[in-house]
Amino acid sequence: MTTASATAATGIVAEGLTKIYVGHRRRLLRSERTEVPAVVGLDLRLPPGQVTGLLGLNGAGKTTTIKALSTLLLPTSGRITV
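The structure presented is a predicted model; accordingly, all values stated were derived computationally and were not measured.

Draft legend 1. Molecular detail of the side chain of Thr-10. Its place among the elements puts Thr-10 in the loop between α1 (3-8) and β1 (12-27). Judged by relative accessible area, Thr-10 falls into the buried class, the value being 18%. Excluding anything up to four places from it in sequence, Thr-10 contacts Arg-45, Leu-46, Pro-47 and Pro-48.

Okay, structure coming up:
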């Protein structure tokens, strides 16, 4: 199997997917930088044509994962191949 056909048969691959949202919070007279991790180190391999669902608690990173996998959101680190 060549590399091109192996990649074509893979579907969606996420390796080390991490997304950290950065914000600022005002405390008294100064502003603090806050970092909120939404997804940390996700490894995922989905074959083409497979129907997959994500389950988890509120704030678990489901929407962030879907947005990153559909290329609507850039991850902080990691690699996604579609």
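Draft legend 2. Local environment of unusual backbone geometry. Even without being glycine, Thr-71 reaches a positive phi, approximately 65°. For Thr-71, the location among the structural elements is in the loop between α2 (62-69) and β3 (77-81).

Draft legend 3. Molecular detail of the pattern of salt bridges. Going through the model one piece at a time under the given rule, you end up with four salt bridges. We note a salt bridge from Arg-79 to Glu-15, for which the minimum N-O separation is 3.0 Å. In this pair, Arg-79 sits in strand β3 while Glu-15 sits in strand β1, placing the two residues 64 residues apart along the sequence. We classify Glu-15 as partly exposed; its relative accessible area is 34%. A salt bridge links Arg-30 to Glu-32; its shortest N-O distance comes to 3.3 Å. Among the residues examined, Glu-32 registers a relative accessible area of 24% and is labelled partly exposed. Overlapping salt bridges bring together Arg-25, Arg-30 and Glu-32 as one network.

Draft legend 4. Region of interest: the nonpolar core. Ala-14, Leu-17, Ala-38, Val-39, Ala-68 and Leu-69 together form the largest nonpolar core, which totals six residues. Listed by contribution, the elements that provide at least two residues to this core are β1, β2 (30-46) and α2. What Leu-17 contacts, discounting residues up to four positions off in sequence, is Val-39, Val-40, Gly-41, Leu-42, Thr-65, Ala-68, Pro-75, Ser-77, Gly-78 and Ile-80.

Draft legend 5. Main features of the sheet that holds β2. Reading across the sheet, the three strands line up as β2-β1-β3 and stay open at both edges, with antiparallel pairing between neighbours. Looking at which strands have only one partner, the edges of the open sheet turn out to be β2 and β3. Put simply, the sheet's adjacent strands are angled 25° from each other on average, direction ignored. Across the face of the sheet, α2 comes into contact with β1, β2 and β3 while running at roughly 125° to β1.

Rules and cut-offs
- All residue numbers refer to positions counted from 1 along the written sequence of the respective chain.
- Reporting of local features is limited, given that this is a predicted model, to residues whose pLDDT is at least 70; pairs of side-chain atoms are given and counted only at 80 or more, and all residues count toward the totals for whole chains, interfaces and linings.
- The basis for every side-chain value is the complete set of heavy atoms in the structure, and neither hydrogens nor water enter the calculation.
- Labels follow the DSSP assignment, with helices taken as runs of H or I lasting at least four residues and strands as runs of E lasting at least two, numbered in each case from the N terminus.
- Think of it in three bands: with a 1.4 Å probe and only protein chains considered, a residue is buried below 20% of the maximum accessible area for its type, exposed above 50%, and partly exposed in between.
- Between two residues, a contact is recorded if the distance between any of their heavy atoms is within 4.5 Å.
- We count a salt bridge whenever a side-chain nitrogen from Lys or Arg sits within 4 Å of a carboxyl oxygen from Asp or Glu.
- Here, the term nonpolar core denotes a set of buried Ala, Val, Leu, Ile, Met, Phe, Trp, Tyr and Cys residues that are joined through side-chain atoms within 4.5 Å.
- Strands were regarded as paired on the criterion that DSSP finds at least two bridges between them.
- To get an axis, a line is fitted to the C-alpha atoms, and for a helix only the part in contact is used. The angle between two axes follows their N-to-C directions and goes from 0 to 180 degrees.

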